[in-house]
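Below are the chains, spelled out letter by letter.
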Amino acid sequence: MDKRIIEIEESLLHPDFLKKRENGLLLNNHQIDILERYQISWKTYTTMKSLLFAIEEILENEESEELEELADTLQEYSYYQETRK
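What counts and how
Residues numbered from 1 in each chain as written. Predicted model: local features only at pLDDT ≥ 70, side-chain atom pairs only at ≥ 80, totals over all residues. Heavy atoms only, no water. Helix = DSSP H or I, 4+ residues; strand = E, 2+ residues; numbered from the N terminus. Buried < 20%, exposed > 50% of the residue type's maximum accessible area, 1.4 Å probe, protein only. Contact = heavy atoms within 4.5 Å. Areas by Shrake-Rupley, 256 points an atom, 1.4 Å probe, with all protein chains shown as cover. Salt bridge = Lys/Arg side-chain N within 4 Å of Asp/Glu carboxyl O.

**Q** What am I meant to see in the overall build of the protein here?
**A** The helix and strand tally for the protein stands at four helices and two strands. Buried positions account for 27% of the 85 residues belonging to the protein. For the protein, contacts bridging at least 24 residues in sequence account for 28% of all contacts bridging at least 6. Accessible area of the protein: about 6400 Å², with a carbon and sulfur share of 49%.

Here is the structure:
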């Protein structure tokens, strides 16, 4: 079976499965949906810290529990990725 078809099937069956994206960030489909809803161009960020900075800038002007939870989750991912090394 074509690798691309398998990837699409996996992403539909497991939307919360973390995947290393083309920019090197580990994100799942649900997180990408949230970022896109807030018009955050996640593909342009190459580090989790820069993405988190963009999220925090939005949270300074706008209250969003969903975006705050996402930032907390991404900070946790970032911490464990850096600690493992």
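**Q** Please clarify how the environment of Gln 75 should be interpreted in this entry.
**A** Locating Gln 75 in the fold gives a position in helix H4 (residues 65-84). A relative accessible area of 37% places Gln 75 in the partly exposed class. In the structure, Gln 75 is positioned 23 residues away from Leu 52 in sequence and 7.4 Å away in space, judged by C-alpha atoms. In contact with Gln 75, not counting residues within four places along its chain, are Leu 52 and Glu 56.

**Q** Before we go on, may I ask you to explain the pattern of salt bridges in this structure?
**A** Summed over the entire model, instances satisfying the criterion amount to one salt bridge. Two residues, Arg 37 and Glu 66, come together in a salt bridge whose shortest N-O distance is 2.6 Å. Placement of the pair is Arg 37 in helix H2 (residues 29-37) and Glu 66 in helix H4, with a sequence separation of 29 residues. Given the relative accessible area of 28%, Glu 66 is considered partly exposed.

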